[in-house]
Amino acid sequence: MSANTAPSLSIGIEEEYQTVDPVTRDLKSHIHAEILQKGKSLLAERVKPEMHQSVVEIGTGVCRNIQEAKEEIRDIRRQIVALARENGLRLAAGGTHPFAEWREQEIYPDDRYKTIVEDLRMVARANLIFGLHVHVGVEDRETGIQLMNSARYFLPHLLALSANSPFWLGMDTGLRSYRCKVFDKFPRTNIPDIYQSWSEFDNYVKLLIQTNCIDNAKKIWWDIRPHPHFPTLEFRVCDMPMRLDESIAIAALCQAIIAKLYRLHEQNLSFRHYSRSLIMENKWRAARYGLDGKMIDFGKQTEVPARQLVGEILEFVADVAEELGSQEEIGYVRQILERGNGADRQLRVFQETGDLRQVVDYMIQETEHGLYSATGTSH
């Protein structure tokens, strides 16, 4: 690849929030989409509906660096939190709601979601989950496919860091990320296969469209994918973290991983590609145990504590993080390793209180953490 194909490494971040009734702590559809309508007038395309009306999705524009993305996310979170409060609701961030019942949730009246529900039936209706998506600018499609092949290895580690969905329908699932098991029921999810070229991937998409499996490539919901409309690689594996600083740390790590893999790629040094079936073993461990378990180090063919492997990834990207100016943001990953991911902290609150409503209160509090001052103090 010639030097002029170097990726921009721009960043875009999408977050999905829960709209919660402050009295019952249950999910509540934003009636008549007040939050959505007012949010759109304030924030234009930064706010979008999701399939379930109790979900608010926000997205940044194309950000040149992680600091720009952080300022934009902070500003959007502040405004959406304020709008929710004005409408008698609260905003909570988590991969699942601790006890909400999906059967009671209203579907947003939109032709796209109507088609998905018609196509996938109960699988779609039960998909009451919330994620963090990170876009990293990789403009050359051929380069993007090669980087995606390599980046697949890191997806379980990113899931372990972001895991924030231990409860489902009022039960402790025993998993740190139950969200990914709910999403497993969708077709075209999980870790993608290895693609030798952009044309091989493109032919796959064309075949699915030609045979009426999908109408467009947006219905390929892998944990990482080339975005069909933007010149980006989109990481989709993560649960929605609670704190702004967690989302930003994970987004910065995604950007640094792509930057590092590109550096190896342009030097003709390949990062070894592992099979989907092997990476899925690590993904299961990440979903089940989060940061407290062990994952397989495929090179050494041995189990290694997840926290140690995440630490090794931080060392792997240290040089590019310095060039990107994202050391401080990525450095917050070490705090996640010390304090625990969102699932660990939700479980702690439940063990102390025995009350899932107090878990929701904690989620609301953490969602607002760091929004009202640059130093990250609680409001």
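Residues numbered from 1 in each chain as written. Predicted model: local features only at pLDDT ≥ 70, side-chain atom pairs only at ≥ 80, totals over all residues. Heavy atoms only, no water.

A.B. asks: Any details on the overall build of the protein chain? Residues and values, ideally.
C.D. replies: What the protein chain contains, in helices and strands, is 15 helices and 11 strands. Considering the protein chain as a whole, with its 379 residues, one finds that 59% of them fall into the buried category. Long-range contacts, defined here as pairs at least 24 residues apart, represent 76% of the contacts in the protein chain between residues at least 6 apart. Accessible surface computed for the protein chain: about 15600 Å², of which carbon and sulfur atoms make up 48%. (Helix = DSSP H or I, 4+ residues; strand = E, 2+ residues; numbered from the N terminus. Buried < 20%, exposed > 50% of the residue type's maximum accessible area, 1.4 Å probe, protein only. Contact = heavy atoms within 4.5 Å. Areas by Shrake-Rupley, 256 points an atom, 1.4 Å probe, with all protein chains shown as cover.)

A.B. asks: Outline the pattern of salt bridges, listing residues and values.
C.D. replies: For the structure on display, the rule yields 27 salt bridges. Note that K28 and D21 form a salt bridge whose closest N and O atoms lie 3.9 Å from each other. Take D21: its relative accessible area is 15%, and that puts it in the buried class. The closest approach of N and O atoms between E323 and R263, which form a salt bridge, is 2.5 Å. Remark: R263 occurs in helix 9 (residues 244-266) and E323 occurs in helix 12 (residues 318-324); sequence separation between them is 60 residues. (Salt bridge = Lys/Arg side-chain N within 4 Å of Asp/Glu carboxyl O.)

A.B. asks: Break down the pairing of strand 1 (residues 11-20) for me, with residues and values.
C.D. replies: Strand 1 sits mainly inside the fold: 10 of its 10 residues count as buried. As judged from the 5 bridges shared by strand 1 and strand 5 (residues 131-137), these two strands associate in the antiparallel manner. By the bridge assignment, E14 is partnered in strand 5 with H133. Bridge count between strand 1 and strand 3 (residues 55-59): 5 bridges; the pairing is antiparallel. By the bridge assignment for strand 3, E16 is matched with E57. With 3 bridges connecting them, strand 1 and strand 4 (residues 90-92) associate as antiparallel partners. (Pairing = 2+ DSSP bridges.)

A.B. asks: So, the packing of helix 5 (residues 141-151) against helix 9: which residues are in play, and what are the values?
C.D. replies: Where helix 5 meets helix 9, the axes come as close as 10 Å, and the angle between the chain directions of the two elements is 115 degrees. Here helix 5 lies roughly perpendicular to helix 9, going by the angle between them. Crossing geometry of helix 5 relative to helix 9 is assigned as right-handed. Across from T143, Q146, L147, S150 and A151 in helix 5, the residues of helix 9 making contact are I258, L261, Y262 and H265. Counted by class, the contact of helix 5 with helix 9 contains 5 nonpolar, 4 polar and no charged residues. (Axes fitted to C-alpha atoms, helices over the stretch in contact; angles between N-to-C directions. Parallel < 35°, antiparallel > 145°, perpendicular 65-115°, else oblique. Left-handed = near helix turned anticlockwise from the far one by under 90°. Nonpolar A, V, L, I, M, F, W, Y, C, P; charged D, E, K, R; others polar.)

A.B. asks: So what's going on with the packing of aromatic side chains? Which residues, and what values?
C.D. replies: Scanning all chains against the criterion turns up 19 aromatic pairs. The ring of F316 has K260 lying over it, and the distance from NZ or CZ to the ring centre is 5.2 Å. (Phe/Tyr/Trp six-rings, centres within 6.5 Å; stacked < 30°, edge-to-face > 60°. Lys NZ or Arg CZ within 6 Å of the ring centre and 35° of its normal.)

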